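The residues making up each chain are set out below.
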Amino acid sequence: MEGLLDLGYIGLFIGSFVAATVVPFSSDVLLIGMLAAGGDIAWSVSVATLGNWAGGLTSYWLGWIGKWEWIEKYMRVKHETLVRHKDKVDRFGALLALLTWLPFIGDVFAIALGFYRVDFKKSAVLMLVGKGARFVAWALLFVWGKQYIQ
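Quick caveat: nothing in here was measured; it's all calculated off a predicted structure.

Draft legend 1. Quick peek at the packing of helix H3 (residues 27-36) against helix H8 (residues 120-149). Running from amino to carboxyl end, H3 crosses H8 at an angle of 45 degrees, the nearest separation of the two axes being 10 Å. As the angle between them shows, H3 and H8 are arranged oblique. Our pair here, H3 against H8, has a crossing hand that is right-handed. Across the interface between the two elements, Ser27, Asp28, Leu31, Ile32, Leu35 and Ala36 from H3 touch Arg134, Phe135, Trp138, Ala139 and Phe142 from H8.

So, in structure tokens, the structure goes:
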């Protein structure tokens, strides 16, 4: 992680991108590290958001290229289970993209949105909103906490 912070905003982008894929990694820690190292708040939040969003969109497209037959055959998931999950995804639609910022399960939501062919434009916009709100919240917590530490 320190190596990524040494790369500055590029490292923050790469780390945030990777964290939004199926690789378990914390972009929140990278953002706080960047801010603690003196990074500009607006730039840091923007770069982390864009990197995390790009990673989420990558997960969406990975889901999009998935095939039901592959999931049934190689992951041994029953057809009925896929239909049941599709019904849940259809119920909430692109609104699930607001939750792609959540640790672990957010990646699953992004893949499911693509796999079940939920509208890309709506999913992309709502994913950007959710991920952006998360980083704004972390930045606000950092600024608030910083005043009590000094």
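Right, picking up where we left off after that structure.
Draft legend 2. Structural context of the side chain of Lys131. You can see Lys131 is positioned in helix H8. Despite its burial, Lys131 pairs with no opposite charge; the closest candidate is Asp107, at 5.6 Å N-O.

Draft legend 3. Up close: the nonpolar core. Judged by nonpolar contacts, the single largest core of 17 residues is most densely connected at Val89, Leu113 and Tyr116. Only helix H4 (41-65), helix H6 (79-92), helix H7 (105-115) and H8 provide two or more residues apiece to this core. A total of five residues in this core trace back to one element, the largest contributor, which is H7. Dropping the residues within four chain positions of it, Leu113 is found in contact with Tyr60, Gly93, Ala94, Leu96, Ala97, Thr100, Val118 and Ser123. Residues Leu12, Leu31, Ala48 and Ala139 belong to the second largest nonpolar core, which totals 11 residues.

Draft legend 4. Just the packing of H4 against H7, in detail. Contact pair H4 / H7: the axes reach a minimum separation of 6 Å and the direction vectors enclose 45 degrees. In terms of orientation, H4 lies oblique with respect to H7. Relative to H7, H4 is oriented so that their crossing is right-handed. Together, Gly56, Ser59, Tyr60, Gly63 and Trp64 of H4 and Asp107, Ala110, Ile111, Leu113, Gly114 and Phe115 of H7 make up the contact between the two elements. The residue makeup of the contact of H4 with H7, split by class, is six nonpolar, four polar and one charged.

Thresholds applied
Residues numbered from 1 in each chain as written. Predicted model: local features only at pLDDT ≥ 70, side-chain atom pairs only at ≥ 80, totals over all residues. Heavy atoms only, no water. Axes fitted to C-alpha atoms, helices over the stretch in contact; angles between N-to-C directions. Helix = DSSP H or I, 4+ residues; strand = E, 2+ residues; numbered from the N terminus. Parallel < 35°, antiparallel > 145°, perpendicular 65-115°, else oblique. Left-handed = near helix turned anticlockwise from the far one by under 90°. Contact = heavy atoms within 4.5 Å. Buried < 20%, exposed > 50% of the residue type's maximum accessible area, 1.4 Å probe, protein only. Lys, Arg positive; Asp, Glu negative; His and termini not counted. Salt bridge = Lys/Arg side-chain N within 4 Å of Asp/Glu carboxyl O. Core = buried A, V, L, I, M, F, W, Y, C linked by side-chain atoms within 4.5 Å. Nonpolar A, V, L, I, M, F, W, Y, C, P; charged D, E, K, R; others polar.

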